[in-house]
Each structure stands twice: as structure tokens, then as C-alpha cells.
Amino acid sequence: EVFKDVTASMQCAMVESATNREWMRLVGRDHDVYWWTTKDDEKAELMLDREYDPGDLFPSEEWVKDLFEPVRLALFDDPLRPIPILMPDNALPETAGVAYLVASHPKEGGTWKEIYVYRHFKCVHIYNVHSYGRRWYRSLWFTTDVRFTLRELTPCTGSRCRNPPM
């Protein structure tokens, strides 16, 4: 635990005050606190324009459909709240091993999830895209195979009635 006695009062000294952030140093402790004073409403910019349609892929992209379609149907197929999934305008090369797609937030727009489809590993990774301190970070949200992640996700221990996609 960083602070042993949470009931004790602490003092801080202001190191810097900027438009969106305050930087404070805790007196007598070896810690600094960065406080973001304004909410970051900016959305990650969408760089892709072609909407993903499993029936309208280039011949070099058929493998994407085989790997991603079960995941899309399980996680992103909501008729009441359609989730647009975008991919690059140009066709993937025949030798491509990774496809990059983006799911746009249904209400707020912008990049919401980044999707990587790996041809040779036969797996899909989906990352949440979130902002912290005006920088974009990705955190693994879903994968079809934890063996190919840097940190495995905890498997669901609830009802196993529903089979995972793929």
C-alpha cells in the first residue's frame, strides 16, 4: 500500500498549473499527483473510409471474413444500435498477414475499438481506445486466442451456455 494511514491528512505543493492539468507534489512523500481538470471529449480520429461488408470484400480479403465474421456476429451485431466497422479503402495485398479494422461508436462517433485480424495465427484481437492525459491508449478487450496476447484475459466463469465465436 502506498499510503499506510489513509485517515492521516496530507499536504501538497503546487508544482505547475496548466490549462488542462495541475501537477502537485505530496509533501514528505515521494509522490506526485497529476490532476486533469477538464474532461477530454475529443474522439480518436477515424482514418478509414470503407465500411466492412462481408459480401463486398476484395478477393485478397476473403480470409478476413472467415476469421472476423463469427466475432462480428457475436459482439457487434445489434439491429437496434448498428455499429459501423470500417476498413482501409485499398484492398489488402495477397500476402497480408494482418487486417486492421475500426469500430466506430454508435452514438458518439470516432474510433471506439481497434480490431486486428491475424491471418496466420487465425485469431482476432479487439482493443478499447481511450484517452488519458490527452494521449490515446489501447487496452485489450477481446481475443479469440489468449496464447497470442501479451497479457491473457481472465476467462469467463459464468454460464458457459454460449460458445465463444470461432
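Above: the structure in question.
No experiment lies behind these values; they were computed from the predicted model shown.

(A) Quick peek at the overall build of the protein chain. Counting secondary structure elements, the protein chain contains one helix and nine strands. In the protein chain, the proportion of contacts linking residues at least 24 apart, taken out of those at least 6 apart, comes to 40%. On the protein chain, roughly 11,600 Å² of surface is accessible, and the fraction owed to carbon and sulfur atoms is 52%.

(B) View of the pairing of strand β3 (residues 32-36). As paired strands, strand β2 (residues 21-26) and β3 are joined by five bridges and run antiparallel to one another. Each bridged residue has a counterpart across the sheet, and for Arg25 the counterpart in β3 is Asp32. As consecutive antiparallel partners, β2 and β3 are separated by five residues, and within that stretch Gly28 has a phi angle of approximately 80 degrees, a positive value.

(C) Representation of the environment of Trp63 within the structure. Inspection of the secondary structure puts Trp63 in helix α1 (residues 62-75). Under the relative-accessibility criterion, Trp63 is labelled buried at 10%. Separated by 55 residues in sequence, Trp63 and Tyr118 place their C-alpha atoms 9.5 Å apart. Excluding its chain neighbours within four sequence positions, the residues that come into contact with Trp63 are Leu92, Ala96, Gly97, Val98, Ala99, Val117, Tyr118 and Arg119.

(D) Here's a closer look at the pairing of β2. Pairing of strand β1 (residues 12-17) with β2, which is carried by five bridges, proceeds in the antiparallel orientation. Bridged to Met14 within β2 is Met24.

(E) Spatial organisation of unusual backbone geometry. Here the phi dihedral of Lys122 falls at roughly 55 degrees; this positive angle occurs in a residue that is not glycine. Relative to the assigned elements, Lys122 resides in the loop between β7 (111-118) and β8 (123-132). We classify Lys122 as exposed; its relative accessible area is 57%.

(F) How the structure looks around the packing of aromatic side chains. What the rule picks out here adds up to eight aromatic pairs. Seen from their ring centres, Tyr116 and Tyr118 are 6.4 Å apart, and the 20 degrees between their planes marks the pair as stacked. A connected cluster of aromatic rings, assembled from ring pairs, spans Tyr100, Tyr116, Tyr118, Phe121, Tyr127 and Phe148. Cation over ring: Lys113 sits above Trp112, and NZ or CZ is 4.5 Å from the ring centre. Lys113 extends its terminal NZ or CZ atom over the ring of Trp141, reaching a point 3.9 Å from the ring centre.

(G) Representation of α1. End to end, α1 covers 20 Å across 14 residues, agreeing with the expected 20 Å (1.5 Å per residue, within 8%). At Phe68, α1 shows its largest kink, close to 45 degrees, and the proline Pro70 lies no more than four residues downstream. Within the span of α1, buried status applies to Trp63, Val64, Leu67, Phe68, Glu69, Val71 and Arg72. Of the surrounding secondary structure, the elements contacted by the buried residues of α1 are β5 (85-87), β6 (98-104), β7, β8 and β9 (135-143).

(H) Region of interest: the pattern of salt bridges. Going through the model one piece at a time under the given rule, you end up with seven salt bridges. One salt bridge in this structure joins Glu62 and Lys65, with 3.1 Å as the shortest N-O distance. Of the two residues, Glu62 and Lys65 both sit in helix α1, three residues apart, roughly one turn of that helix. Residue Arg138 pairs with Glu114 through a salt bridge whose shortest N-O separation is 2.8 Å. Placement of the pair is Arg138 in strand β9 and Glu114 in strand β7, with a sequence separation of 24 residues.

Conventions used here
Residues numbered from 1 in each chain as written. Predicted model: local features only at pLDDT ≥ 70, side-chain atom pairs only at ≥ 80, totals over all residues. Heavy atoms only, no water. Helix = DSSP H or I, 4+ residues; strand = E, 2+ residues; numbered from the N terminus. Contact = heavy atoms within 4.5 Å. Areas by Shrake-Rupley, 256 points an atom, 1.4 Å probe, with all protein chains shown as cover. Pairing = 2+ DSSP bridges. Buried < 20%, exposed > 50% of the residue type's maximum accessible area, 1.4 Å probe, protein only. Phe/Tyr/Trp six-rings, centres within 6.5 Å; stacked < 30°, edge-to-face > 60°. Lys NZ or Arg CZ within 6 Å of the ring centre and 35° of its normal. Expected span 1.5 Å × (residues − 1). Bend = angle between axes of the 7 residues up to and from the residue. Salt bridge = Lys/Arg side-chain N within 4 Å of Asp/Glu carboxyl O.

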